[in-house]
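Summary of the model geometry
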Amino acid sequence: MLLNTHSYYSLRYGTLAPKELLEHCASTGHRQVALTDINNTSAVLNTLRIAPQSGVRVVPGIDFRNGVQQQYVVLAKNNKGFEEANRHLTKHLHSGEGFAPQAPLFKHCFVVYPLSQFKGSALKNHEFIGVHLRDLNRLPFIQGLPPSKLVAMPTASFAGKRHYNAHRLLRAIDCNTLLSKLTPSACAPETDQFQSRTELEHAYRNYPELIHRADTLLNACYVEFAFNDPASHQNQRTYTGNAEKDFELIRRLCHDGLHYRYPTPSKEILERIEKELNIIRQKDFTAYFLINWDIVRYARSKGYFYVGRGSGANSIVAYLLRITDVDPIELDLYFERFINLYRQNPPDFDLDFSWKDRDDITRYIFTRFPNTALLATYNTFQYRAVVRELGKVFGLPKNDIDMLSAGRFDMHSLDHLHRLVLKYSALIQDFPSHLSIHAGGIVISEKPIEYFTATFMPPKGYPTTQFDMVVAEDVGLYKFDILSQRGLGKIKDAVELVHRNHPEAPRIDIHDVERFKHDEKVKTMLRAGKAIGCFYVESPAMRMLLTKLKVDHYLGLVAASSIIRPGVAKSGMMREYIMRFRHPERREDAHPVMREIMPETFGVMVYQEDVIKVAHYFAGLTLGEADVLRRGMSGKYRGREEFQKVQEKFFANCREKGYTDELSKEIWRQIESFAGYAFSKGHSASYAVESYQSLFLKAHYPLEYMCATINNFGGFYSTELYVHEARMHGADIQAPCVNRSDYLTTLVGNQLYLGFIHLHEFEIRAAEKLVKARAAKGAFVDFDDFIDRVAMGIEQVSILIRVGAFRFTGVNKRELLWQAHMKLGKSTAEPITEKLFGVSHKNYTLPPLTTTPEEEAFDQMELLGFPLCNPFDLLESPPEQFLLASDLPATAGRPTHLNRHITLYGYLVTAKVTKTSNGKRMHFGNFLDYNGYFFDTVHFPQVAERFPFRGRGVYIVSGKVSEEFGCYSIEVTSMQKAALIPDPRYSDLRTTSKFRSLKSVEEGALKRSEEKKKEVVIRGVGVL
């Protein structure tokens, strides 16, 4: 009889997960229930999937409300009814309009109006009046009710007093109010909790026909979906409208792409194509491939760069259709990792586009294909965030909230309110808070999207499902991943810059990856780990790994791309891989079966496929079971029953094969620790392709590439380091200039003019007006010419003056500031009107004014975020000599510093916080020496606690020099931040000019430098 039941997907209202809801129903004697979340269908499909396990039959429905005011409850009689209800909810969610008191005419739904909303109007055959428990006392006194239309409709939103309290707290969070100020009308009455069948029959004992009628409605409803059935996938089934024509098209496209990919195809290649095509046809995935081909064909027609990655790179058909640029034959990628007759889950392509192009690709997909929607994700309440929210609800002071959120408290010293915050935070943790958008998931359905779910309209402007990718996959909707990244943006921009700056050179074919793989400059950069700015290989950890492995070929980079992932490192297998790579005799330590199935990686699990291989060949699981194991390791499926069964079978099979428990547990530990994080081999290969593209551009056109990197943002490092890297490759770094700079950074010869985008608080409209005025009538002659032609307020002009953007005038910027204030006063940026006669500006006579170099540096730090001089020049007490990173290893004529205690001055680039096996915090640091070269530090827990990082700047680092696989680092014993000179703009330094020349230090450093000809010390080594 439960016609109105809420899970916690009645967001910030309900308190029960779908599984808990079903358990409550089963334990209280309810054998069927209508799941009617408030304006939401997120829970419906997953609840229908798991309901048979509980013995409870579920009827989908929706509780339509304006805020918390219930208008009516709709129950779907069948799948068409569920679609009807979804369409009605979708219309409301897209428009934002409230629901009318009267429901629209539904053909396949029952509508139940709450008694409190009934106005005495005539009811249609499918419409009824719901009597809540709170209505029973007044029911005899209400006149004019049609008895045959009354049904029992007790509401179930929570279970017990504790959950009711949680409900009130959720309502207070939603209303952004103190719990003490929460009005009764903003939340449900306490009677809206789960009651047993027996209790409800007793409550409605005077009206048993109401219960009977409610049961009759539920019995008349039946909604069914096929779950986890590959044979009944729900994606768009044909591309051309005909399955046979689809197959003819994909075969022709493979033939057309064969010459481009394989000028002289071997028998192996031709057989592989036929094998894949047959499986694709058998699994009914032809349209899926063709839709992806259509998307990338459109991208190429627009000149968009893209990368096809994921397990789809295992397919030679995808390679021929140019969905991916990874040759599966070269890498021995087996197609069965992507699609096989045993695999339950659908295929998955990840298509990466430039962050500038992805929106147009999304627009094209929604225009090109009907029944399309973005996938949602569930944003959940996380513990610390809930503590903060509940602290505000209870009215705790900010200091108390900070203390509780950070966990800095003694439980025995907490008062009653503090304990309540912690108690209910633990309960509410992981409840869904609101719906958001999946990073790139799109579904293209054969049926209308509303057949499965209502959709909402986020600011992105496209219909978005109310369920996530896991539920979509369960019901047979496999997603298209349309993702964006900045790496492709900088590759595209770099290619255009090269073409513009080197018109005599042939245009770069960025897809000619074979050429890049054999380029000697690229190999040299890889071996040395000199990959700053290059996709996926620029982090300190990755550069160190490349150096340790001496990577200079494609397969090595593919392996490194997966080895660096957190799981492999956590399992200890990254170090083991390096050991086996550098010491071949150690490869014999691997179990013979492991060596046999993974010879390329010396018996070490590196890729996701390795989980399948080990599960299948080592533990004897079927391919289907092995794939369940691989998927379960990701966490999303780990709690499911099928995963638990496979885990049990893994150990049972190992015992049957005679493996020791110790060996079986160790192999399981390796699988468990990394499988959820590792890449498939095809995915790593796709990443390696993009890495090679960026490496080639940087190797041959470093200034263009670094300029593009700066303009695309989003790399591992800050803009400051990329500016520094450009300088290290010979760029002359220039502050923004009104005559040479654009909104983005520009390259003129070897001069890199920083763009106006980098100026803090400088408005984009001001930059646009400046550039437009310059384009219209040429460069500005002087300051007066500028203020005559560009409508700009005094605040914006002052920023340009302070950063030196008018240095071409030769006038000191202090004098310009005075002139600007006298000529512009407090003027706003009014439009410039064309003047009939020229205007002469009065120039005021000012005393001589000067600006010191250190003032320039501090202005740059304030406006750009970093100085354009060498930050070591700003130290209050610089040492007489600097020890350099190049001094650490032994060289001809100089002994090594290995195992010695030394002190280095380093400019902090980045610091990684991690934890030891016993949970203590430690750090890995990355610094630049005086000459601008990197050195690494290790800060063990005791040192990390005593000598913490204190923000950006130069640090005095002391410690012992250590070496591992040719990489040197410093095990820090002490560290302190070096003091800068006082800000000269607010001290006597401006007049006394204590700015220190470090010329003698520079000369001493150059004498010890290994690359004397290349290491020309530039005084603008600015980073971070």
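Provided above is the structure to which this section pertains.
Scope of this entry: the structure provided in the associated data block. (Residues numbered from 1 in each chain as written. Predicted model: local features only at pLDDT ≥ 70, side-chain atom pairs only at ≥ 80, totals over all residues. Heavy atoms only, no water.)

Counting residues in each nonpolar core, the largest one holds 113 residues, and the members touching the most others are Phe225, Leu390, Ile428 and Phe467. In terms of residue count, the dominant contributor to this core is helix α14 (residues 416-428) (six residues). Residue contacts for leucine 390: discarding those within four places in its chain leaves Leu169, Ile173, Val421, Tyr424, Ser425 and Ile428. Counting 111 residues, the second-largest nonpolar core is a separate cluster that includes Leu331, Leu721, Phe806 and Phe965. (Core = buried A, V, L, I, M, F, W, Y, C linked by side-chain atoms within 4.5 Å. Buried < 20%, exposed > 50% of the residue type's maximum accessible area, 1.4 Å probe, protein only. Helix = DSSP H or I, 4+ residues; strand = E, 2+ residues; numbered from the N terminus. Contact = heavy atoms within 4.5 Å.)

Note: strand β1 (residues 2-5) against strand β2 (residues 32-38), two bridges, orientation parallel. When the sheet's bridge partners are listed, leucine 2 is paired in β2 with valine 33. The parallel pair β1 and β2 is bridged by helix α1 (residues 18-27), and the resulting crossover is right-handed. Where β1 meets strand β8 (residues 155-156), two bridges bridge the pair, whose relative direction is parallel. Bridged to asparagine 4 within β8 is threonine 155. (Pairing = 2+ DSSP bridges. Right-handed = clockwise from strand over helix to strand, strands pointing away.)

For strand β20 (residues 921-928), the tally of buried residues reaches six of eight residues, placing the bulk of the element in the interior. Relative to β20, strand β19 (residues 901-915) is paired through eight bridges, and the arrangement is antiparallel. Residue pairing in the sheet places lysine 915 in a bridge with arginine 921 of β20. As consecutive antiparallel partners, β19 and β20 are separated by five residues, and within that stretch glycine 919 has a phi angle of approximately 85 degrees, a positive value. Bridging between β20 and strand β21 (residues 934-939) involves six bridges; their strand directions are antiparallel. Along β21, the bridge assignment pairs asparagine 926 with aspartate 936.

In this section: the sheet that holds β1. The strand order across the open sheet formed by eight strands is β7-β6-β5-β4-β3-β2-β1-β8, and the pairing between neighbours is mixed. Of all strands in the sheet, those with a lone pairing partner are β7 (150-152) and β8, marking the two edges. Where strand β3 (residues 57-66) lies against strand β4 (residues 69-76), six bridges are found, and the strand directions are antiparallel. Bridge assignment links phenylalanine 64 to a residue of β4, and that residue is tyrosine 72. Lying on the sheet, helix α2 (residues 44-54) is in contact with β2 and β3; it crosses β3 at an angle near 160 degrees. (Axes fitted to C-alpha atoms, helices over the stretch in contact; angles between N-to-C directions.)

Glancing now at unusual backbone geometry. For asparagine 39, which is not glycine, the phi dihedral falls at a positive 50 degrees. Summarising the element assignment, asparagine 39 is placed in the loop between β2 and α2. Residue class for asparagine 39 comes out buried when judged on its relative accessible area of 16%. Of note in this structure, phenylalanine 602 is not a glycine but carries a positive phi near 60 degrees. Looking at the element boundaries, phenylalanine 602 is found in the loop between α23 (592-597) and α24 (608-618).

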